[in-house]
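Listed below, chain by chain, are the residues.
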Amino acid sequence: MRYIPTTSEERQHMLDFLGVDSVEELFDAVPDRIRTEKPLPLPDALAEAQLMRHMKELSESNVSCEHLVSFLGAGSYDHLIPAVVNHITSRGEFLTAYTPYQAEISQGVLQVIFEFQTLIAELTGMDAANASMYDGATSLAEACLMACNVARRSKVLLPETLHPEWVDVVKLYMENQDISVQMIPWNRETGTMDVAALHEDAAGDAACLVIPYPNFFGVIEDVAKLSRWIHDAGGLLVTAADPVSLGLLEAPGAFGADIVVGEGQPFGNTMNFGGPGFGFFACSGSKLIRRMPGRIVGETVDTEGRRGYVLTLQTREQHIRREKATSNICSNQALNALAGAVHLSVIGPQGLKDVAYQCLQKTAYLKSQLRDIGIQAAFSGPTFREFVVQADANWDEVNKRLLDHGFLGGLPLGERFPELQHCVLLSVTEARTKDEIDRFVHALGGLC
Amino acid sequence: MQTKKPVPLIFELSSPGRRGYRYPELDVPETPMEELLPKEHLRREVPKLPEVSEIEVVRHYTGLSRLNHGVDVGFYPLGSCTMKYNPKVNEDIARLPGFSLLHPYQPEETVQGALKLMYKLQSYLTEIAGLSATTLQPAAGAHGELTGLMLMRAYHRERGEDTQRKEMLVPDSAHGTNPASAMMVNYKVREVPSDARGGVDVEALRGMVGPQTAGIMLTNPNTLGLFDENICEVAKIIHDAGGLLYYDGANANAIMGYVRPGDMGFDIVHFNLHKTFSTPHGGGGPGSGPIAVSQRLQDYLPGPLVSKRDGEYVWEYPTKSIGRVRSFFGNFGVLVRAYAYIRSHGPQGLMDVSDTAVLHANYLMRKLQDDFDLPYDRHCMHEFVLSGKRQKNQGVRTLDIAKRLLDYGVHSPTVYFPLIVEEALMVEPTETETLATLDAFVEAMKQIAIEAAEEPETVRQAPYNTPVRRLDDALAARKPVLRWTPRS
Ligand SMILES: Cc1ncc(COP(=O)(O)O)c(C=O)c1O
């Protein structure tokens, strides 16, 4: 077989050494009555060239964003990725390593994670970050569990302005730990959490409040007020931040977030049909840091006093603490985190500001161009790289026609938000050009 | 081989004003900031990202990569992790724009190729598991465990037994994620002892089950690398008590084409695609942990799944779906590689994989049994566990043996796991290594055994030829420095 180097002579040599006639004999512990008699019903093996042809055919029966001009966001974004990222993440020394259990021959991955933790801590304005989580949604779920453990309360406040899939994930995780979830309604005018609905008593026994930043509709919540409100009630503030927005928006640490999580895909990772990207997880204060889920890398020295890095604070983790661990996470999204770290390193602080500024300006431009043709923004609140518009149109139909023009239209919201029947969520990244936006507006003008 | 040159932190290379990447000029008319964002929302302090050029970035990460061991660098017999060769062509395939540049919310008609791939992979994994349906959503093995246990709860809940079935049985040889996952769904973990042959102690198990039993989590072959001969008996005991069986598929590399977990009696199976199906481990991830389930559980699966209607591939939610365990559909890029791996092997190829993995492991085990203690003297499957007890009496710990191996350019086996073997060394050679590599490993291990007996201090001070010498774990934990901070 292709990837098995063992020759038949070598097989025979090993069998002779073992004193058995065939490998079958080594399987003698498998009871006869459960052995698989027939070959697995799978298609026959393909040689490399055949495989490539088949995979190309499959990939080309998709219409990808190589050819489509995307105005679709909602948690997965078409951002520019510097070419250098893929070259670094393709290096076999990173690609084919595993979790750095043997630190002395894993300084590459360990230092990458240490730098990644620093980048995330800087970006979010927090003390420390872990080595990554599966994605933004699970990172948020873990943050809520951690908040409940630390606050010794068992209620979580989730706004309806959070990504609906993240709501689903958090609810499922909480339900399985018998933690209650209270949904916070939103204001149809502003597109933000309904602050008026936030009574004292609602927060009274809540472990945490989650603020999506910006929220699912692209709108920026009144973070200062919400932060005060939850802290006054003795709960923790968990911020689910869009990392790109943090090039412009105030760092969550600066308005008092206790835990900051998010989806890091926009940095270094293509959309990949929704994964893999990476979740990030940051917090402040040693009480919280010592309860973080996942891998954490720390600095130390070797026996000759040289600086080096190791996995640390492992007494939180499943392989040591088993059912008393802070989480069950083992494998994470290290390579995607590396991609994020390379991306952030090569663009630097100015690049981060540029990309955020361009998202903001291009989104504003599309918004104003649409207003000019009578398609109005649905909410009055300030937005970052996404916004909701409403028009008396069947958006599924409109999107079909847009495809004919080479555009990937926005996400219709009616299914998940009945009150937003004629609304669609549009996203504009720095990757869109003025020409593309103008043509999109023109196409929409003919359809709505 | 490995360089010893220390690599500064990327932040230490930073020079104000230096840039490594430029975005195109903004080409839309600018709106004044105050019209777009109220001042109080603006960031006051610029995050201290490094200011470096592209060549510095490339040299920095290239330098770091050279401090790192990987399967592409050398032998990596890390037990339980299946560090086999990761085919290069699968990397090219995963990067095809028709896969990598798909948005998860694209209309179904624009992603028929991706859906077809997922549909086929669902069915291949279902067949390999010998079960009824598969979700590709979980992001890793542990995530699959969590999902599987949520399904168990949903199943018992519908029978009105969730409040009573609160105990999850986990063998004392189990991986840490098993009890940790049980904790994540509020199950109480009860540890099942192993018997003298390394399997589940069937008599003890009989005394532990009852109306409080939600299920059991097992891997077979287990973490000792041994196939549990009593598996059918174990399945019967659990099912008779009204519980379900969860299969931790971390060790599936031993069984493909030989025996299916479904036929052993399991109700839920996860596969670690990053192990058995050769998707690269990436320095810790991304993984992927699809789970296959029996018929009675398939309606509870997280959604959406891919199904086929009138020749078209479509998203569909199972009727009693528990919801979703992550956003979107799974680590699709990993699924593409695993699909390609299965297609390049076919049924016979996968069987050859397991066959050779088992042969290699038995060969190594028998080569090393005189120099190290072998706690269970029977055929192993794709991996085996040695004990460094003898060396411990000579003053050399398993940790020291592991560190000394690094000097030979080899990653050490998994150490101190499973917990039931004193000074454990868990060796998994995989099918993709040459006999010459296996023999070189044997030689290295024998050398170390001799050293342990004759000059233990040499082993205790190892490693010597690595980029850094032995690192101080205790210091790192006592005074955590978890990030770079600028010197003031
Ligand atoms: C036996 C066993 N079970 C479960 C896991 C967890 O899998 P993952 O790391 O993919 O979450 C591992 C991985 O190391 C394992 O070896």
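Calculation rules
One numbering rule holds for all chains: residues counted from 1, following each sequence as written. Following the order in which they are written, the chains are lettered starting with A and the ligands numbered starting with 1. The predicted origin of the model limits local features to residues at a pLDDT of at least 70 and limits the giving and counting of side-chain atom pairs to 80 or more, whereas totals for whole chains, interfaces and linings rest on all residues. Side-chain calculation: all heavy atoms of the structure are included, whereas hydrogens and water are not. Runs of E in the DSSP output that reach at least two residues are strands. Runs of H or I that reach at least four are helices, and both are numbered from the N terminus. For every residue, the accessible area obtained with a 1.4 Å probe (protein chains only) is divided by the maximum for its type, and the residue is called buried under 20%, exposed over 50%, and partly exposed between those limits. By the convention used here, residues are in contact when the closest approach between their heavy atoms is within 4.5 Å. Each accessible area is a Shrake-Rupley estimate made with a 1.4 Å probe; only the visible protein chains count as cover when residues are assessed. Asp and Glu count as negative and Lys and Arg as positive, but His and the ends of the chain are not part of the count. Charged side chains are reduced to one point each, which is NZ for Lys, CZ for Arg, CG for Asp and CD for Glu. In this description the radius of gyration comes from C-alpha coordinates, and the expected globular size is given by 2.2 Å times residues to the power 0.38. Two rings from Phe, Tyr or Trp (for Trp, the six-membered ring) form a pair when their centres are within 6.5 Å of each other. A pair whose planes differ by under 30 degrees is stacked, one over 60 is edge-to-face, and the rest are tilted. Note on geometry: a ring has a charge over it if NZ (lysine) or CZ (arginine) is within 6 Å of the ring centre and within 35 degrees of the ring normal. For two strands to be treated as a pair, DSSP must find no fewer than two bridges joining them. Fitted lines through C-alpha atoms serve as axes, helices being fitted only where they are in contact, and the angles separating the N-to-C directions of these axes extend from 0 to 180 degrees. Where each domain begins and ends follows an automated or database-derived domain assignment. Two parts placed together each lose some accessible area under a 1.4 Å probe, and the buried area is that loss summed for both. For this analysis, a salt bridge means a side-chain nitrogen from Lys or Arg found within 4 Å of a carboxyl oxygen belonging to Asp or Glu. Polar contact criterion, stated in full: a pair of N or O atoms within 3.5 Å, where within protein one must be able to donate a hydrogen and the other to accept it, and residues adjacent in sequence count only if both atoms are side-chain atoms. Residue classes follow a fixed rule: Ala, Val, Leu, Ile, Met, Phe, Trp, Tyr, Cys and Pro count as nonpolar, while Asp, Glu, Lys and Arg count as charged, and any other residue, Gly among them, counts as polar.

## Observations concerning the overall build of chain A
Here comes step 1: Looking only at helices and strands, one finds 14 helices and 15 strands in chain A.
Here comes step 2: Across its three principal directions, the C-alpha atoms of chain A cover 80 × 55 × 50 Å.
Here comes step 3: When the 448 residues of chain A are sorted by exposure, 67% land in the buried category.
Here comes step 4: Contacts in chain A between residues at least 24 apart in sequence constitute 71% of all its contacts with a sequence separation of at least 6.
Here comes step 5: Of the roughly 14800 Å² of accessible surface on chain A, 47% is carried by carbon and sulfur atoms.
Here comes step 6: Placing the 36 positive and 57 negative side-chain charges of chain A at their respective mean positions leaves the two points 3 Å apart.

## Looking at the overall build of chain B
Here comes step 1: Across its full length, chain B holds 16 helices and twelve strands.
Here comes step 2: Here the C-alpha radius of gyration of chain B, 25 Å, is about what a compact globule of 488 residues would show, namely 23 Å.
Here comes step 3: Taken over the C-alpha atoms alone, chain B extends approximately 75 × 65 × 45 Å along its principal axes.
Here comes step 4: Across the 488 residues in chain B, those meeting the buried criterion constitute 67%.

## Side note on the packing of aromatic side chains
Here comes step 1: Tallied over the full model, the rule gives 31 aromatic pairs over all chains.
Here comes step 2: Measuring from ring centre to ring centre gives 5.4 Å for Phe 116 of chain A and Phe 278 of chain A, while their planes differ by 75 degrees; the resulting arrangement is edge-to-face. Residue Phe 116 of chain A is found in helix H5 (residues 107-124), and its partner Phe 278 of chain A is found in the loop between strand E7 (259-263) and strand E8 (279-283); the two are separated by 162 residues along the sequence.
Here comes step 3: By relative accessible area, Phe 116 of chain A is classed as buried at 2%.
Here comes step 4: Look at Phe 75 of chain B and Phe 441 of chain B: their rings are 5.4 Å apart centre to centre, the planes differ by 75 degrees, and that puts the pair in the edge-to-face class. A residue pair is termed long-range when its members are at least 10 positions apart, and Phe 75 of chain B in the loop between helix H2 (54-65) and helix H3 (88-94) and Phe 441 of chain B in helix H14 (residues 435-454) qualify at 366 residues. Residues Phe 75 of chain B and Phe 441 of chain B agree in their burial class; the two are buried.
Here comes step 5: An aromatic cluster is built from Trp 186, Phe 216, Phe 217, Phe 379 and Phe 417 of chain A, whose rings are joined through pairwise contacts.
Here comes step 6: The ring of Tyr 77 of chain A has Arg 385 of chain A sitting right over it, with the charged end atom 3.6 Å from the ring centre.
Here comes step 7: Here Lys 367 of chain B stacks its cationic end above the ring of Phe 17 of chain A, 4.6 Å away from the centre of that ring.

## Looking at the pairing of strand E6 (residues 236-241) of chain A
Residues and elements named next belong to chain A.
Here comes step 1: Within E6, six of the six residues are buried, which leaves the element mostly enclosed by the surrounding structure.
Here comes step 2: The side-chain alternation of E6 yields two buried faces, one formed by Leu 236, Val 238 and Ala 240 and the other by Leu 237, Thr 239 and Ala 241.
Here comes step 3: Bridge count between strand E5 (residues 208-213) and E6: six bridges; the pairing is parallel. Across the sheet, the residue bridging to Leu 209 is Leu 237, located in E6.

## A word on the pairing of strand E10 (residues 307-311) of chain A
All names here are of chain A.
Here comes step 1: With respect to burial, E10 is a largely interior element, four of its five residues being buried.
Here comes step 2: Relative to E10, strand E9 (residues 297-301) is paired through five bridges, and the arrangement is antiparallel. Each bridged residue has a counterpart across the sheet, and for Glu 299 the counterpart in E10 is Tyr 309.
Here comes step 3: Counted along the chain from E9 to the antiparallel partner E10, the turn is five residues long, and its residue Gly 305 has a positive phi close to 85 degrees.

## Description of the sheet that holds strand E11 (residues 376-377) of chain A
Residues and elements named next belong to chain A.
Here comes step 1: In space, the four strands of this open sheet follow the order E11-E12-E15-E14, with antiparallel pairing throughout. Looking at the sheet topology across the chains shown, the edges are occupied by E11 and strand E14 (411-412).
Here comes step 2: Bridge analysis of E14 against strand E15 (residues 423-427) gives two bridges, and the strand direction is antiparallel. Counted as the bridge partner of Leu 411 is Leu 425 from E15.
Here comes step 3: Contacting E11, strand E12 (386-390) and E15, helix H12 (residues 334-372) runs over the sheet at an angle of about 10 degrees to E12.

## Remarks on the environment of Arg 487 of chain B
Here comes step 1: With respect to the element layout, Arg 487 of chain B can be found in the segment after helix H16 (473-478).
Here comes step 2: For Arg 487 of chain B and Leu 136 of chain B, which are 351 residues apart along the polypeptide, the C-alpha to C-alpha distance reads 46 Å.

## Some remarks on the domain arrangement of chain A
Residues and elements named next belong to chain A.
Here comes step 1: For chain A, the assigned domains are domain 1 (65-81 + 349-445) and domain 2 (83-344).
Here comes step 2: Measuring from the centre of the C-alpha atoms in domain 1 to the corresponding centre in domain 2 gives 27 Å.
Here comes step 3: Contacts between the two partners involve 36 residues from domain 1, matched on the other side by 35 residues from domain 2.
Here comes step 4: Taken over both partners, the interface formed by domain 1 and domain 2 buries close to 2700 Å², and the fraction arising from carbon and sulfur atoms is 66%.
Here comes step 5: By the criterion of area lost to domain 2, the three top residues of domain 1 are Ile 81, Phe 379 and Phe 384, representing 24% of everything that side buries.
Here comes step 6: Connecting domain 1 to domain 2 are two salt bridges.
Here comes step 7: Residue Asp 242 is joined to Arg 385 by a salt bridge in which the shortest nitrogen-to-oxygen separation is 2.5 Å.
Here comes step 8: The interface formed by domain 1 and domain 2 includes eleven residue pairs in polar contact (both at pLDDT 80 or more).
Here comes step 9: Elements represented by at least two residues in the side of domain 1 that touches domain 2 include exactly H12, E12 and E15.
Here comes step 10: Take the side of domain 1 that touches domain 2: its biggest share by element is seven residues, from H12.
Here comes step 11: When grouped by side-chain class, the residues that make up the side of domain 1 that touches domain 2 number 23 nonpolar, seven polar and six charged.

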